[in-house]
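# Close look at the chain arrangement
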Amino acid sequence: QVHLVESGGGSVQLGGSLRLSCAAAGFRFRESCIGWFRQTSENEREGVAAISVSQGATSYASSVAGRFSISIDRPDNQVHLQMNDLKPEDSGMYYCAAVKGCWRAFLSRGVYEYWGRGIQVTVSS
């Protein structure tokens with residue numbers, strides 16, 4: 001079975017940083033794409049960042065470009081999302097998602113087959 005488990009969420013002040021991690025199991029991680037999505041009080045679930053594991057290509061939402069960075073830890077089958085200069089509007093539930101046989105870093109939620117349960121991020125002003 002495919003399992004995606006998020007960790008690293010929590011509460012920070014405006015301008016602070018958090019690093020989210022997604023531990024993956026049960027599929028061919030090296031041939032997949034991994035995306036981070038979030039659901040906020042203002043928007044439905046939207047793509048934040050994505051990466052093609054095999055090629056390393058990345059995509060970012062314009063709202064987080066320059067502040068967030070997605071990276072891969074291949075030996076541990078993990079994907080990290082480093083979030084810097086956090087703003088209150090970044091608050092929400094963050095989800096890790098995966099799709100098999102992928103070579104491009106998609107930000108579209110409909111592309112992804114497998115989803116984690118989500119983890120809360122709260123940024124206070």
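Calculation criteria
- Residues numbered from 1 in each chain as written.
- Predicted model: local features only at pLDDT ≥ 70, side-chain atom pairs only at ≥ 80, totals over all residues.
- Heavy atoms only, no water.
- Phe/Tyr/Trp six-rings, centres within 6.5 Å; stacked < 30°, edge-to-face > 60°.
- Helix = DSSP H or I, 4+ residues; strand = E, 2+ residues; numbered from the N terminus.
- Buried < 20%, exposed > 50% of the residue type's maximum accessible area, 1.4 Å probe, protein only.
- Contact = heavy atoms within 4.5 Å.

### Quick word on the packing of aromatic side chains
For any pair of aromatic rings, the description rests on two quantities: the centre-to-centre distance and the angle between the ring planes. If you walk through the whole model with that rule in mind, you get four aromatic pairs. Centre to centre, the rings of F37 and Y112 are 5.3 Å apart; their planes meet at 75°, and the pair counts as edge-to-face. With F37 in strand β4 (residues 33-39) and Y112 in the loop between β9 (92-99) and β10 (114-115), the pair connects residues that are 75 residues apart, well separated along the chain. You'll find F37 and Y112 in the same group, each marked buried. With 6.4 Å between their ring centres and 70° between their planes, Y112 and W115 make a pair best called edge-to-face. Since its relative accessible area comes to 6%, Y112 is described here as buried. The exposure class assigned to W115 is partly exposed, which follows from its relative accessible area of 28%.

### As for the side chain of T40
Looking at the secondary structure, you find T40 in the loop between β4 and β5 (46-52). Classification of T40 as buried rests on a relative accessible area of 12%. Contact partners of T40, with chain neighbours within four places excluded, come to E89, S91 and G92.

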